[in-house]
Amino acid sequence: MRTKATEGKKNKRKHKFSIRVQFSLIFFACIAGILALCIFVNTVLLEKFYQNEKLHIIKDAYAMVNELVDNQDYEREDLVKSLDEISVVNNVSIIIVDSESETLYVSMNCERDMEFVLLGYIFGRENNQQVEVMETSDDYSIRKVYGYSNDYIEMVGRYREGVSFLMRIPMANIKESAAVANRFFIYVCGIGAILGAIIIRIVTKKLTKPIEELNNISERMVNLDFEARYTGHHHNEIAVLGDNMNKLSESLEQSISELKEANEQLQKDIRKKDELDKLRQEFIANVSHELKTPLAIIQGYAEGLKDGISDDPESMQYYCEVIIDEANKMNSMVKQFLNLNQLEYGGDKVTMERFDASMMIEGFIESAGMLAKQEGIEVLYKPVEGMDAWGDEYKAEEVLTNYFSNAVHYCQKAADGKRYIEISIEKNNGIIRINVFNTGSNIPEESIDRIWDKFYKVDKARTREYGGSGVGLSIVKAIQEKMRKGYGLENKENGVVFWFELEEIKNEY
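Residues numbered from 1 in each chain as written. Predicted model: local features only at pLDDT ≥ 70, side-chain atom pairs only at ≥ 80, totals over all residues. Heavy atoms only, no water.

K.L.:
What is the right way to read the packing of helix 8 (residues 357–374) against helix 9 (residues 393–410) from this model?
P.N.:
Running from N to C, helix 8 and helix 9 cross one another at 30°; their axes reach a closest spacing of 11 Å. In this structure, helix 8 crosses over helix 9, and the sense of that crossing is right-handed. Together, Met-360, Ile-361, Phe-364, Ala-368, Leu-371 and Ala-372 of helix 8 and Glu-393, Ala-396, Glu-397, Leu-400, Thr-401, Phe-404 and Val-408 of helix 9 make up the contact between the two elements. Class assignment for the residues of the contact of helix 8 with helix 9 results in 10 nonpolar, one polar and two charged. (Axes fitted to C-alpha atoms, helices over the stretch in contact; angles between N-to-C directions. Helix = DSSP H or I, 4+ residues; strand = E, 2+ residues; numbered from the N terminus. Left-handed = near helix turned anticlockwise from the far one by under 90°. Contact = heavy atoms within 4.5 Å. Nonpolar A, V, L, I, M, F, W, Y, C, P; charged D, E, K, R; others polar.)

K.L.:
Is there a simple way to think about the sheet that holds strand 3 (residues 130–136) in this case?
P.N.:
Paired through their backbone hydrogen bonds, the strands of a sheet run either parallel or antiparallel. Pairing is antiparallel in the open sheet, where six strands are placed in the order 2-1-6-5-4-3. The strands lining the two open edges of the sheet, one partner per strand, are strand 2 (103–106) and strand 3. Strand-to-strand twist of the sheet, defined as the mean angle between neighbouring strand axes without regard to direction, takes the value 20°. The sheet contact formed by strand 1 (residues 93–97) and strand 6 (residues 163–171) spans five bridges and is antiparallel. By the bridge assignment, Ser-93 is partnered in strand 6 with Arg-168. Lying on the sheet, helix 3 (residues 77–90) is in contact with strand 1, strand 2 and strand 6; it crosses strand 2 at an angle near 45°. Contacts between helix 4 (residues 114–123) and the sheet are confined to strand 1, strand 2, strand 4 (140–146), strand 5 (151–160) and strand 6, with strand 6 contributing the most and set at about 130° to the helix. (Pairing = 2+ DSSP bridges.)

K.L.:
In this structure, what is going on with the pairing of strand 2? I would like to understand it.
P.N.:
Along any regular strand, the residues point their side chains to alternate faces of the sheet. As paired strands, strand 1 and strand 2 are joined by three bridges and run antiparallel to one another. By the bridge assignment for strand 2, Ile-95 is matched with Val-106. Between strand 1 and strand 2, which follow one another and run antiparallel, lie five residues, and Ser-101 among them has a positive phi close to 65°.

K.L.:
What's the story with the packing of helix 9 against helix 12 (residues 472–483) in this structure? I'm lost.
P.N.:
For any two helices packed against each other, the geometry comes down to the angle between their axes and how far apart the axes lie. In contact at an axis separation of 9 Å, helix 9 and helix 12 are set at 150° when each is read in the N-to-C sense. It follows that helix 9 is roughly antiparallel to helix 12 by the angle criterion. Here helix 9 and helix 12 pass one another in a crossing that is left-handed. Contacts from Lys-395, Glu-398, Val-399, Asn-402, Tyr-403 and Asn-406 of helix 9 reach helix 12 at Gly-472, Leu-473, Ile-475, Val-476, Ile-479, Gln-480 and Met-483. For the contact of helix 9 with helix 12, a count of residues per class yields seven nonpolar, four polar and two charged. (Parallel < 35°, antiparallel > 145°, perpendicular 65-115°, else oblique.)

K.L.:
Mind showing me how you'd approach helix 8 here?
P.N.:
Structural remark: α-helix, 3.6 residues per turn; residues separated by three or four positions point the same way. Counted at 1.5 Å a residue, the expected span for helix 8 with its 18 residues is 26 Å, and the 26 Å between its end C-alpha atoms agrees. By the largest-angle criterion, Ala-368 marks the main kink of helix 8, which is about 50°. Inspection of helix 8 places Ala-357, Ser-358, Met-360, Ile-361, Phe-364, Ala-368, Gly-369 and Ala-372 among the buried residues, and these make up the whole buried set. Following helix 8 by one or two positions, Gly-376 has its phi on the positive side, about 75°. (Expected span 1.5 Å × (residues − 1). Bend = angle between axes of the 7 residues up to and from the residue. Buried < 20%, exposed > 50% of the residue type's maximum accessible area, 1.4 Å probe, protein only.)

K.L.:
Explanation requested: unusual backbone geometry in the structure shown.
P.N.:
Trans is the prevailing form of peptide bonds, just as negative phi is the prevailing case for residues other than glycine. Not every positive phi belongs to a glycine, and Asn-91 is a case in point at roughly 55°. Inspection of the secondary structure assignment puts Asn-91 in the loop between helix 3 and strand 1. You can call Asn-91 partly exposed: its relative accessible area is 39%. Phi at Arg-484 takes a positive value of approximately 60°, unusual for a residue other than glycine. Note that Arg-484 resides in the loop between helix 12 and strand 12 (487–492). Residue class for Arg-484 comes out exposed when judged on its relative accessible area of 76%.

K.L.:
What should I look at first to understand the packing of aromatic side chains in this one?
P.N.:
Working definition: an aromatic ring pair is given by the centre-to-centre distance plus the angle between the planes. Across all of its chains, the model carries eight aromatic pairs by this definition. Between Tyr-403 and Phe-498, the ring centres sit 5.3 Å apart and the planes meet at 40°, which makes this aromatic pair tilted. Of this pair, Tyr-403 sits in helix 9 while Phe-498 sits in strand 13 (residues 495–504); the two residues are 95 residues apart in sequence, bridging distant segments of the chain. In this pair, the class of Tyr-403 matches that of Phe-498, namely buried. Aromatic side chains Trp-452 and Tyr-487 sit 4.9 Å apart centroid to centroid with 80° between the ring planes, which places their arrangement in the edge-to-face category. With Trp-452 in the loop between helix 10 (445–448) and helix 11 (460–466) and Tyr-487 in strand 12, this residue pair connects regions lying 35 residues apart in the sequence. With a relative accessible area of 10%, Trp-452 lands in the buried category. (Phe/Tyr/Trp six-rings, centres within 6.5 Å; stacked < 30°, edge-to-face > 60°.)

In structure tokens form, the structure reads like this:
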């Protein structure tokens with residue numbers, strides 16, 4: 001049993017790992033992760049990214065200037081205006097000189113030393129500045145120049161024969177900028193963390209309040225108290241959970257009530273057990289009664305043979321045939337009893353499969369039709385296509401066998417003097433119905449409901465004549481109820497029709 005100390009420790013663990021604490025930890029982890037990512041990007045990647053951006057800008061400016069100055073008059077106002085616009089927009093200093101070192105164009109932001117740098121490049125003189133070549137081609141060379149106060153990216157080269165240029169774009173000190181940005185991010189994230197902690201506390205308190213209410217309800221449900229209900233009015237997932245908890249409480253209360261009813265039903269079932277024992281005793285008595293007659297006949301004829309009651313070979317042959325016939329009847333009867341017992345007590349397995357009901361009937365008539373011909377009975381059947389059924393084909397054929405056997409034994413002449421059995425098949429609303437009709441007398445109304453009971457016989461003398469046990473239709477009933485499909489009989493003007501149903505499989509293309 002759980003003690004108060006155990007409950008206290010469990011509550012402390014719950015508080016330690018509560019949703020409020022988890023939300024706070026997740027928030028601070030996100031802030032720390034974002035801050036670390038920003039510092040990493042600023043420190044490692046920003047300088048390279050910035051340098052590549054400046055490189056693209058100076059290349060784009062070169063392409064635009066190259067397109068403008070090709071075979072142009074540098075004294076044209078529109079050309080000078082366009083070059084000034086390129087210089088200002090891209091923050092690029094530009095100087096262009098001819099083959100005689102005469103200046104053709106100087107941008108407004110051009111620095112003093114650019115003319116000397118360009119002339120040094122033309123005449124092969126380098127200054128004392130530290131230079132890093134970044135890219136070269138047939139037309140230009142791009143290099144990074146480390147100055148005393150600022151760094152630059154310079155592009156020097158020729159636009160066409162005799163015309164040289166120098167383009168320069170300044171670069172800020174990215175390392176210092178990154179350090180400032182990192183400090184800024186730390187300050188911002190610190191302030192954000194403090195404000196976020198306050199907001200998280202308020203929000204989580206509002207969120208966890210209904211969760212705590214649901215927790216209290218669940219604890220009451222553990223103690224089988226189903227009166228508690230969630231009363232929150234939030235329109236979110238927690239409200240849905242609360243509604244589901246209310247429904248669960250109602251369902252559990254109903255289930256416990258049903259369990260009580262089931263317990264009462266169990267008591268009734270226990271009382272019914274005695275009734276089943278009585279039914280079992282009755283079954284054994286009926287079986288004993290059914291077997292008593294053939295056993296008495298076999299015993300009598302066997303004793304007659306033993307005592308030599310007749311020396312006539314034909315009489316002895318007759319005695320032996322009677323004994324064999326009665327033994328066969330007993331064998332068939334026992335098999336039917338065992339089959340019925342398996343069906344009623346769930347020992348018989350059902351194999352559900354797809355089969356053609358019409359072909360099943362045709363195959364049955366080919367094998368069992370000889371029995372009807374020996375009795376002078378005509379069997380009628382018109383095959384129908386598209387009768388795909390779902391069920392146990394063996395069980396369906398067993399039902400058909402019992403119906404057909406009854407039809408043969410009770411078939412009588414119709415008004416036209418003929419005896420015939422007609423099997424038909426039809427379908428309606430997803431159900432396949434098989435009918436077995438035989439000419440003969442109708443079944444009395446008082447026997448229609450009882451005919452499906454074990455050992456019930458409408459005509460006991462006729463049943464005894466062909467060796468019937470009175471369980472054939474009981475087997476039909478057990479099979480159809482196991483399959484949850486209909487069965488029955490109808491009296492017709494000139495005979496009786498027995499029917500049973502199968503589930504249709506609809507072919508969809």
